[in-house]
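Working through the structure, step by step
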Amino acid sequence: GRSKHGRGHTNPVQCDGCGCRPRKDKAIKRFVVRNIVEASAVRDMKEASVYESYAFPKIYYKLHYCVGCAIHARQVRVRSAE
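My aim in this report is to walk through the structure given alongside it, one point at a time. (Residues numbered from 1 in each chain as written. Predicted model: local features only at pLDDT ≥ 70, side-chain atom pairs only at ≥ 80, totals over all residues. Heavy atoms only, no water.)

**A word on the overall build of the protein chain**
Summing up its helical and strand segments, the protein chain has two helices and two strands in all. In sequence order, the secondary structure elements of the protein chain are arranged as β-α-β-α. Taking 12 Å as the expected radius of gyration for a compact globule of 82 residues, we find that the protein chain reaches 19 Å, considerably beyond that expectation. Taking the principal axes of the C-alpha coordinates as reference, the protein chain spans close to 55 × 25 × 20 Å. Expressed as a percentage of the 82 residues in the protein chain, the buried residues total 20%. Here the protein chain has roughly 6,900 Å² of accessible surface; of this, 50% comes from carbon and sulfur atoms. Distance from the positive charge centre (17 side chains) to the negative charge centre (7 side chains) of the protein chain: 15 Å. (Helix = DSSP H or I, 4+ residues; strand = E, 2+ residues; numbered from the N terminus. Rg over C-alpha atoms; globule rule 2.2 N^0.38 Å. Buried < 20%, exposed > 50% of the residue type's maximum accessible area, 1.4 Å probe, protein only. Areas by Shrake-Rupley, 256 points an atom, 1.4 Å probe, with all protein chains shown as cover. Lys, Arg positive; Asp, Glu negative; His and termini not counted. Charge placed at Lys NZ, Arg CZ, Asp CG, Glu CD.)

So, in structure tokens, the structure goes:
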């Protein structure tokens, strides 16, 4: 259940779901890019803006989940134990 590839040891990361510390290679990683301004307010802000073409800033963050939280948050499916 890990992707170490001969490294011997990997550092733990903190799960964003429950706070446990799975290893970095075992954790399920998701990179999230979201607008800072929510979709309902984008049109209002574009109308009120002085600039005609203003690109709203985005939030970039990486989520780490342990296996249990990733299944609970429906990020991954349960796989058979074969």
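**Describing the side chain of His64**
Within the secondary structure, His64 sits in strand β2 (residues 58-65). When its relative accessible area of 15% is taken as the criterion, His64 is described as buried.

**Focus on the pattern of salt bridges**
Scanning the entire structure with this criterion turns up two salt bridges. For Arg2, the salt bridge identified is with Asp25, shortest N-O distance 3.3 Å. Of this pair, Arg2 sits in the segment before β1 (28-35) while Asp25 sits in the segment before β1; the two residues are 23 residues apart in sequence, bridging distant segments of the chain. Of the residues examined, Asp25 reaches a relative accessible area of 10% and is grouped as buried. Glu47 is the salt-bridge partner of Arg43, the closest N and O atoms lying 3.4 Å from each other. Placement of both Arg43 and Glu47 in helix α1 (residues 39-48) is noted, with a separation of four residues, approximately one turn of the helix. We classify Arg43 as exposed; its relative accessible area is 57%. In this structure Glu47 comes out as exposed when scored by relative accessible area, which is 58%. (Salt bridge = Lys/Arg side-chain N within 4 Å of Asp/Glu carboxyl O.)

**What about the nonpolar core?**
Core analysis: the biggest nonpolar cluster contains eight residues, these being Cys15, Ile28, Val32, Leu63, Tyr65, Cys66, Cys69 and Ala70. With residues near it in sequence (within four places) discarded, Tyr65 still touches Cys15, Gly17, Ala27, Ile28, Ala70 and Gln75. (Core = buried A, V, L, I, M, F, W, Y, C linked by side-chain atoms within 4.5 Å. Contact = heavy atoms within 4.5 Å.)

**Quick word on a nonpolar patch on the surface**
Where nonpolar side chains cluster on the molecular surface, the patch consists of Phe31, Val33 and Tyr60 and spans about 350 Å² of accessible area. Along the chain, Val33 falls in strand β1. Here Val33 falls in the partly exposed class, since its relative accessible area comes to 42%. (Patch = residues over 30% accessible without salt bridge, like charges linked within 9 Å, V, L, I, M, F, W, Y side chains within 5 Å.)

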